[in-house]
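# Structural overview for review
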Amino acid sequence: MDLSKLSNILKNNDIVLAIGLVIIVCMMVIPLPAALLDLLLTINISLAVVILLVCLYTQEPLDYSSFPTVLLVATLFRLGLNVSSTRLILLHGEAGNVISSFGEFVVGGNYVVGAVIFCILVLINFMVITGGATRVAEVSARFTLDKMPGKQLSIDADLNSGLIDEEQAKERRKKLERETDFYGTMDGASKFVKGDATAGIIITIVNIVGGLIIGVLQLKMNVQQALGTYTILTVGDGLVSQIPALLISTATGLIVSRASGKDESLSTDIKNEMFSDPRVLGVVAGLLGIMGVVPGMPTVPFLLIATLAGGMAFLKLKEKDQAVKDEEAQKVAQEQQEKLGKKEKRAKATKESVMELLNVDTIEIEVGYRLVQLLNVEMGGDLLERIAQIRRQTALDLGIVLPSIRVRDNLQLSPNSYQIKLKGVALESGDVYPERYLAMCAGDPVGNLTINGIHAIEPAFGLPALWIEAKDKDLAEMSGYTVVSASAVISTHITEVIKKCAHEIVSRFDIQQLIDNLKKEVSEDYVNDIMKDISISDIQMVIQNLLQEGVAIRDLKTILETISLQGKINKNPIFLTEHSRQALSRNICKQNLADTGDLYAILIDPNVESVIAKGASPDGTNVTLDPVFTRNLQEKMNSELEKAITATGNQPVILCSSPIRYLFRKLVERTYPQIAIMSYNEISPNVKVKSVGKINF
């Protein structure tokens, strides 16, 4: 039972790491026996070799993201061993077999040679490897932090352009954050290595001085005997600690100098980049061969290495020739395969080309050749940017995501003309002048200034306007004109067309995308529960009805809840649309409020409503009325609208009872498509309604 518990503890990496760190700290305080010290010194050397090999085979630095922490733990472990060995050397004049072996065997028992070798190792580690690794870590951290904003913008640009999806963007941002953290941490972690080398020098000096004092004063040794005993042990201890330190410093230099983005190990990269060109190897072989035959030079080593380099050059040359032959053979085979497949391609070509003709863009803009400059950013054109803004603004205003708007030139159009197509059919068109500005004035111009220009009609709203030259722009603005560029005219026209045709643009696929987005924002279970009794077709018809009257559908959650609730009573699309409008009453009122914050309304007499209700069809979708009544109704409505607009300066809404709202809308939508028809149930409690007219006979 005890062994099983111990096994379970050892399987938990966090517990093992915590115990290890506690032991390392205790090593600096608690004396260790010589046998245990030998075991720990061996583990230290093995750990250093493991770290070096892992860094050697790591493909990119982020693959060894725990290296800074490992570096700290290894440094603490080595310092703890130094403290333990120092205690044994000074107390007992011995420090185990490992340190003694290094002191006797490696340096031949000569403490002067050992001291020189130790100093050389320390200088190599401290001044060359550690100094270089520290500098590389500092520069890498600085440049990584400097490049972070640019990389972030690159990720956002790729996401906005559709080159990557949201998940890929998150993954790239996460990798960028890890890269920044890694190099920032390495900048500080490299100081561990530098501090370790400094501590090694100080500990060695302390051991020698302390050993001399203890040996001469306490143990009554002569100076020569004390110097020989303690210096050999101290140098052995220094070598045992400096060799792992040298390995780990080398590993640090490898990991921070490793270029990121490689797909292979360091050894493979070195082989491919240094020993793959037969010309380089051939030149080296020739140079070494010449040096080998020069009198007085060592012939055997030069000719041996020259032969080896020449053999490698020969093999690489054969590999290169074989690769060229394989490439040519592959190219011939590919050409033959292409020839064999030409007949099949020709057979498919006609069908595919015809199928391409069947593709219809939802929204398309065609421009004459003089308007192409509006699409060229280098020439100052901003039409494409404005179209992108239209898509964003439509999402905010109407709550729908427009499909891509294709813009192309059409040589059959007049040079300054453009036309807007919906599903392949031209809806509206206009003429603009790229080098001029369109000036519009709702009232009388200020002053008696005369502005020359080309008379025109603003295409979106039908207002009289002038196409003026750039030099007259400031003068026109001072005279009260609203001045816009040609790109703004086209983009405004597109926006109005989209508002009028939004119900035709939105498709079943678009509705499904909106629902999927709602699942991500709210809850998939919640949306599935709402839609268990309703279909996408029901939702599509309701949304198209709302968009046809300019009602935004951004609050899709409320629309779905209303359809789900009222659908249990009646699934008629008109019934569901009316209740959805009532649920969206605040938004509808907000869209139609006047500048004063009031809702100006023209009321319908109850007798008129009664006549309209009697003329409704059984399904409530159509209304049949006496032509004379219809004509009088429209004349009265026109009169009341003119009076209201003149009196208030705002366009009022038509207010009626809920049962006839849809029917009245059907009566007047062709004549007054821009007039909002609202029911009393759509007035939110906090809205103040002002009656500015009444339709009666």
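### Remarks on the nonpolar core
- Counting residues in hydrophobic clusters, the biggest one holds 62 residues, and the most contacted among them are Leu-402, Val-432, Ile-494, Ile-498, Ile-539, Leu-547 and Ile-553.
- Among the elements that make up this core, the one with the highest residue count is helix H14 (residues 486–505) (9 residues).
- Apart from residues lying up to four places away in sequence, Ile-498 is in contact with Ile-363, Ile-390, Thr-394, Leu-402, Ile-405 and Ile-505.
- Counting 22 residues, the second largest nonpolar core, distinct from the first, contains Val-608, Ile-612, Met-637 and Ile-677.

### Some thoughts on the pairing of strand E9 (residues 599–604)
- Where burial is concerned, most of E9 is hidden: 5 out of the 6 residues are buried.
- Bridge count between E9 and strand E12 (residues 689–695): 6 bridges; the pairing is parallel. Bridging from a neighbouring strand, Ala-601 pairs with Ser-691 of E12.
- The pairing of E9 with strand E10 (residues 653–656) spans 3 bridges and is parallel. Residue pairing in the sheet places Leu-603 in a bridge with Leu-655 of E10.

### Comments concerning the packing of aromatic side chains
- Within this structure, the stated rule accounts for 1 aromatic pair.
- Where Tyr-433 meets Trp-467, the ring centres are 5.6 Å apart and the plane angle is 65°; that geometry is what we call edge-to-face. One end of the pair, Tyr-433, is in the loop between strand E4 (425–431) and strand E5 (437–440); the other, Trp-467, is in strand E7 (residues 464–468), and 34 residues separate them in sequence.
- You can call Trp-467 buried: its relative accessible area is 1%.

### Here's the deal with the pattern of salt bridges
- For the structure shown, the criterion picks out 21 salt bridges.
- Two residues, Asp-361 and Arg-408, come together in a salt bridge whose shortest N-O distance is 3.5 Å. Of this pair, Asp-361 sits in the loop between helix H11 (299–357) and strand E1 (363–367) while Arg-408 sits in strand E2 (residues 405–409), and the two are 47 residues apart along the sequence.
- Since its relative accessible area comes to 34%, Arg-408 is described here as partly exposed.
- For Asp-382, the salt bridge goes to Arg-386, with nearest N and O atoms at 3.1 Å.
- For Asp-382, a relative accessible area of 25% gives the class partly exposed.

Criteria and thresholds
Numbers given to residues run from 1 along each chain, matching the order in which its sequence is written. Where local features are concerned, this predicted model is filtered to residues with pLDDT of at least 70; where side-chain atom pairs are given and counted, the filter is 80 or more; whole-chain, interface and lining totals use all residues. Side-chain numbers here rest on the full set of heavy atoms in the structure, without hydrogens or water. Only buried Ala, Val, Leu, Ile, Met, Phe, Trp, Tyr and Cys residues count toward a nonpolar core, and they belong to the same one when joined by side-chain atoms within 4.5 Å. Exposure is judged per residue with a 1.4 Å probe applied to protein chains only, and the accessible area is read against the type maximum: over 50% gives exposed, under 20% gives buried, and values in between give partly exposed. Numbering of helices and strands runs from the N terminus, with a helix taken as a DSSP run of H or I at least four residues long and a strand as a DSSP run of E at least two residues long. Any two residues whose heavy atoms approach within 4.5 Å at even a single point are treated as in contact. Between any two strands, at least two bridges found by DSSP are needed for them to pair. Each Phe, Tyr or Trp ring, with Trp reduced to its six-membered ring, pairs with another whose centre is within 6.5 Å; inter-plane angles below 30 degrees give stacked pairs, above 60 give edge-to-face pairs, and intermediate values give tilted ones. Here a salt bridge means any side-chain nitrogen of Lys or Arg lying within 4 Å of a carboxyl oxygen belonging to Asp or Glu.

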